[in-house]
Amino acid sequence: MAKRFQIQQMPGFRTIAVVTFVLLYMPIFLLVIYSFNAGTSIAIWEGFSWRWYVSAWDNQQVQEATIRSLVIAFWASAISTTLAVLAALATTRTRKFKGQAAVFAMINQPLMVPEIVTAVALLIFFAMIKVATGYTGLMYLVIAHTAFCIPFAYLPIRARLIGMDLALEQAAADLYAPPFRVFTRITLPQLWPGILAGAMLAFVISLDDVVITEFVKSAGQDTLPTYMLGQLRRVVTPEVNAISTVLLGISVTMVVAFTALSKLKT
Amino acid sequence: MTDSAPPASYATVAEKRASRVRWMLLAPALVVLLFAASGPLLITLVYSMLTPADYGGVVWKPTGDAWFNVFMQRDIFDDTLSWSSAHLSIFWRSVKLSLMTTVGCIVFGFPTAYFIATRPKQQRDLWMLLIIIPFWTNILIRTFAVVELIRNEGTINTLLMWTGLIDEPIQILFTEFSILVGMIYVYLPLMVLPLYASMERLDFSLVEAGYDLYATRMKVLRRIILPLVKPGVIAGSILVFVPSLGAYVTPRVMGGGNQLMIGNLIELQFGQGRNWPLGAALSITLLAIVMVALMAYVRTAGKEGPGHG
C-alpha cells in the first residue's frame, strides 16, 4: 500500500504509547517472573522453582493475614452490595427529590476524600469506641471497608438500573403483582449482572486496601496488604513477589469478569 | 396537567409514600456512611481544636494550638513566632510532586489515550482493558514492582553493574525522584481513562478540515484537538492531582521515611509525634485543599458544557 497521508496520525504519539505500555507492564512482569526464582534475589535469576509459593503457604502470618483479608472482603462486599442495591433503587429512575445532592455527596464521599484523611478520622473515632466498649475485634475493619466499598458497588448497579426498561415492571404492576413480587421476579433478574459486577468491584477494593486498614486495625490484625507493607522494611525475598502474584491474579480475574459482565446487554 | 390526572390530594399521598419508601431504602447505606465516613470527619474537626494528651489521644480542653502549629511555630526559648519551615517544606514538596506527577501523566497519558482512540473500534476495548487492569491492581503491589526495579539490589542496578557500566549501585530509591516515578506509574491510568473518554468522541472530520486548510500537524493538535479534548485533560489532571496530594503508600515505600509528604506527616502525628490534634488539623487542611481543587474542577466542567465529568 502506498504511503498515504493519515489524518489521525500524530508524530511520535505511537512511540510514546508503546513505551508507556511497556513501562506499565514491565515492572509487573518482572515481579511475577521473580516470584518463581529459585534463588533469594529479586534481580538475579537462578532457575525456576515454586519455593517461594511454598514458603508463603507455610508462613503462619501469611495464612492468618490471607484468611483475615478474605473474611473482611467477603463481608464488606456482601453488605456494601446489599446496601448499594437498596440505595440505587431509591435514587434511580425517580424525579429529583429533596436532599438528593446531600445523599450523592455522602455516597461518593469515600471517592473524594483522600484515604489518609478517612483513615485518620476512623482511627480517632474507633479509638473512642474501643476505649468506651473494650471491643477490639474485626468488626471495625468490616464496617470501615463496607463504607468505602459502597460507592464502588453503587456505581455499576446504578448504571445497570438506568439502562433497564421500566415497561416490564409497569406491566407486572398492572397485572396486580405486589411491589415486592415485581422486585424479585422482574427487577432482580435483570439487575443481576450489575449486582455481581458491583460485588466483585467491592471485593477487589476491600482486598487491596492498605491505608484505611493500616490505621483502623488493632494489634495482630494484619491483612495481606498491611502484612506486605510491614515486610517491605526488611530484606525482601521473592516470597513477597509470590504473595503479590497471587493477589494480582485475583484482581486481574475479577477485572476481566467485571468488564465482561458490564458488557452484557440489558 | 391533563384532565385525566388524579386529583392533587391523591398525588401528594402517593408522593409522600414514595418519599417514605425512598428514605427507608436509603437509610441502611446512609447510616453506615454516617458511622464510618462522614461522622468521623466531624469528630476529626473537633479533635483538631483540643489539647494533645501525653501518650496519644486528647485532653478535652479546647485550644487553637494545633491549627497554629500547622503553619507556624513558637520558639521554645524566646517565644518568638516564625513559619514552621519543616511543615512548609513538606507541604511544598507535596504540591510540587503532585503537580509534576500530573504533568508526567499528561506527557505519557495523552499520546497513549490518543493512540487507543485512533485504533479500529474492535481493538479499543482491548487496549483500554490493558489500562484498566493496572488501575484495579493493588497500589502497594504496583509500587513494590517499581521498587524492585530501581532499588540498589534491583533489576536496573544489577543489570548496569553486570554490564560494567557502573561499579556501585545508583541510589534511585528513597529520593524525591523515586516518589515521582512511583506516583506517575501508579496514577497514570487515572489520566488515560478520562482522556480516552473525550478523545473517543473526537470528530476527525474537523481535523481533516484543518489539514485541508493547510494546517500543520502541530497546528491541528494545538488549535483543533487540544481545545476539543480539554475537558478530558482537566478531568484527568484533577483525578491525578487529588490522590497524589493525599498519597501515603507511595511516598512511604519510595521515600523511605526521609522524603515525607503530607500523608506521612499526618501519620507521624499519630505515631511517634503523639500529637493527635495536630494530625487532625493537618488532615482537615489537606481535605480543604482537595475540596478547593474539586470545586475548581466542577466549575470549569460546568462551563465546558454537559457530557463530561
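Residues numbered from 1 in each chain as written. Chains lettered and ligands numbered in written order. Predicted model: local features only at pLDDT ≥ 70, side-chain atom pairs only at ≥ 80, totals over all residues.

## A few points about the overall build of chain B
Okay, step 1: Each helix and strand counted, chain B has 12 helices and four strands in total.
Okay, step 2: The C-alpha atoms of chain B give a radius of gyration of 26 Å, which is well past the 19 Å a tight globule of 309 residues would have.
Okay, step 3: Along the three orthogonal principal directions, the C-alpha set of chain B runs to about 80 × 75 × 35 Å.
Okay, step 4: The buried share of chain B, taken over its 309 residues, is 42%.
Okay, step 5: Taking as baseline every contact in chain B between residues at least 6 positions apart, the subset at least 24 positions apart corresponds to 67%. (Helix = DSSP H or I, 4+ residues; strand = E, 2+ residues; numbered from the N terminus. Rg over C-alpha atoms; globule rule 2.2 N^0.38 Å. Buried ≥ 20, exposed ≤ 12 C-beta atoms within 10 Å, placed from the backbone. Contact = placed C-beta atoms within 7 Å.)

## Re the overall build of chain A
Okay, step 1: Of the regular secondary structure elements, chain A holds 11 helices and zero strands.
Okay, step 2: Its helices and strands taken in sequence order, chain A reads α-α-α-α-α-α-α-α-α-α-α from the N to the C terminus.
Okay, step 3: Its C-alpha atoms give chain A a radius of gyration of 23 Å, more than 25% over the compact-globule value 18 Å for 266 residues.
Okay, step 4: Dimensions of chain A along its principal axes, counting C-alpha atoms only, are 80 × 70 × 30 Å.
Okay, step 5: Each of the 266 residues in chain A was classed as buried or not, and the buried ones make up 43%.
Okay, step 6: For chain A, restricting intrachain contacts to residue pairs at least 6 apart in sequence, the fraction spanning at least 24 positions comes to 79%.

## Considerations on the UniProt feature "transmembrane region" (unreviewed entry) in chain A
Residue and element names in this part refer to chain A.
Okay, step 1: UniProt marks residues 12–45, 65–90, 111–132, 138–157, 191–207 and 242–261 with the feature "transmembrane region" (unreviewed entry), using the numbering shown here.
Okay, step 2: Helix makes up 100% of residues 65–90 and strand makes up 0%, while its end C-alpha atoms are separated by 37 Å.
Okay, step 3: End-to-end, the C-alpha atoms of residues 191–207 are 24 Å apart, and along that stretch the chain is 100% helix and 0% strand. (UniProt positions renumbered as here; feature names shortened; annotations may be inferred.)

## Description of the nonpolar core
Okay, step 1: Ala84(A), Val120(A), Leu122(A), Ile150(A) and Ala153(A) are the most contacted members of the largest nonpolar core, which totals 157 residues.
Okay, step 2: Counting residues per element, this core draws most heavily on helix α7 (residues 176–200) of chain B, which supplies 15 residues.
Okay, step 3: Looking at this core, you find at least three residues from each of domain 1 (12–49) and domain 2 (60–263) of chain A.
Okay, step 4: If near-sequence neighbours (up to four positions away) are discounted, Leu122(A) is found in contact with Ala144(A), Ile212(A), Phe215(A), Val216(A), Ala36(B) and Pro40(B). (Core = buried A, V, L, I, M, F, W, Y, C linked by C-beta atoms within 7 Å. Domains from an automatic or database assignment.)

## What about the confidence of the model for chain B?
Residue and element names in this part refer to chain B.
Okay, step 1: Here chain B averages 87 in pLDDT, and 94% of its residues register 70 or above.
Okay, step 2: Below a pLDDT of 50 lies the segment residues 305–309, which in the model reaches six contacts outside its immediate sequence neighbourhood of four places, other chains included.
Okay, step 3: Here the complex is predicted with pTM 0.89, and the ipTM for its interfaces comes to 0.88. (pLDDT = per-residue confidence, 0-100.)

## Side note on the interface of chain B and chain A
Okay, step 1: Taken together, the contact between chain B and chain A spans 69 residues of the former and 66 residues of the latter.
Okay, step 2: Residues belonging to the side of chain B that touches chain A are distributed by class as follows: 48 nonpolar, 16 polar and five charged. (Nonpolar A, V, L, I, M, F, W, Y, C, P; charged D, E, K, R; others polar.)

## Things to note about the domain arrangement of chain A
Residues and elements named next belong to chain A.
Okay, step 1: We note that the domain assignment places domain 1 (12–49) and domain 2 (60–263) within chain A.
Okay, step 2: A separation of 31 Å is found between the C-alpha centroids of domain 1 and domain 2.
Okay, step 3: Contact with domain 1, which involves seven residues of that partner, is made by eight residues of domain 2.

## Some details on the environment of Gly39(B)
Okay, step 1: With respect to the secondary-structure elements, Gly39(B) resides in helix α1 (residues 8–47).
Okay, step 2: The contact partners of Gly39(B), leaving out residues within four places of it in the chain, are Phe125(A) and Leu34(B).

## Section: the environment of Trp75(A)
All names here are of chain A.
Okay, step 1: Tracing the sequence through the fold places tryptophan 75 in helix α3 (residues 60–91).
Okay, step 2: A residue is classified by how many C-beta atoms lie within 10 Å of it, and tryptophan 75, with 18 of them, is partly exposed.
Okay, step 3: Considering only alpha carbons, one finds tryptophan 75 and isoleucine 143, 68 residues apart in sequence, at a separation of 9.0 Å.

## A short note on the environment of Leu188(A)
Residue and element names in this part refer to chain A.
Okay, step 1: Of note, leucine 188 is situated in helix α8 (residues 179–208).
Okay, step 2: Residue classification places leucine 188 among the exposed residues on the basis of 12 C-beta atoms within 10 Å.
Okay, step 3: It is 9.7 Å that separates the C-alpha atoms of leucine 188 and valine 85, two residues lying 103 residues apart in sequence.

## Topic: the packing of helix α6 (residues 139–163) of chain A against α8(A)
Residues and elements named next belong to chain A.
Okay, step 1: Direction vectors running N to C along α6 and α8 enclose 155 degrees, while the axes themselves pass 8 Å from each other. Looking at the two axes, α6 sits roughly antiparallel to α8. Considering only the axes of α6 and α8, their crossing is right-handed. Facing His145, Cys149, Phe152, Ala153, Tyr154, Pro156, Ile157, Ala159, Arg160 and Leu161 of α6, the residues of α8 in contact are Leu191, Pro193, Gly194, Ile195, Ala197, Gly198, Ala199, Leu201, Ala202, Ile205 and Ser206.
Okay, step 2: Its residues placed into classes, the contact of α6 with α8 shows 16 nonpolar, four polar and one charged. (Axes fitted to C-alpha atoms, helices over the stretch in contact; angles between N-to-C directions. Parallel < 35°, antiparallel > 145°, perpendicular 65-115°, else oblique. Left-handed = near helix turned anticlockwise from the far one by under 90°.)

## Concerning α8(A)
Two residues of an α-helix separated by three or four positions point the same way, owing to the 3.6 residues in each turn.
Okay, step 1: Taking 1.5 Å as the rise per residue, α8(A) with 30 residues should run 44 Å; its terminal C-alpha atoms sit only 38 Å apart, a clear shortfall.
Okay, step 2: Leu188(A) marks the point of greatest bend in α8(A), at about 55 degrees, and the proline Pro189(A) comes within the next four residues. (Expected span 1.5 Å × (residues − 1). Bend = angle between axes of the 7 residues up to and from the residue.)

## Overview of unusual backbone geometry
Residue and element names in this part refer to chain B.
Okay, step 1: The phi dihedral of phenylalanine 174 is positive, around 65 degrees, even though this residue is not glycine.
Okay, step 2: Position of phenylalanine 174 among the secondary structure elements: in the loop between α6 (155–163) and α7.
Okay, step 3: By C-beta crowding, phenylalanine 174 is classed as partly exposed, having 19 other C-beta atoms within 10 Å.
Okay, step 4: Here tyrosine 214, not a glycine, exhibits a phi torsion of approximately 65 degrees, which is positive.
Okay, step 5: Among the secondary structure elements, tyrosine 214 is positioned in the loop between α8 (204–212) and α9 (217–245).
Okay, step 6: Take tyrosine 214: there are 7 C-beta atoms within 10 Å of it, and that puts it in the exposed class.

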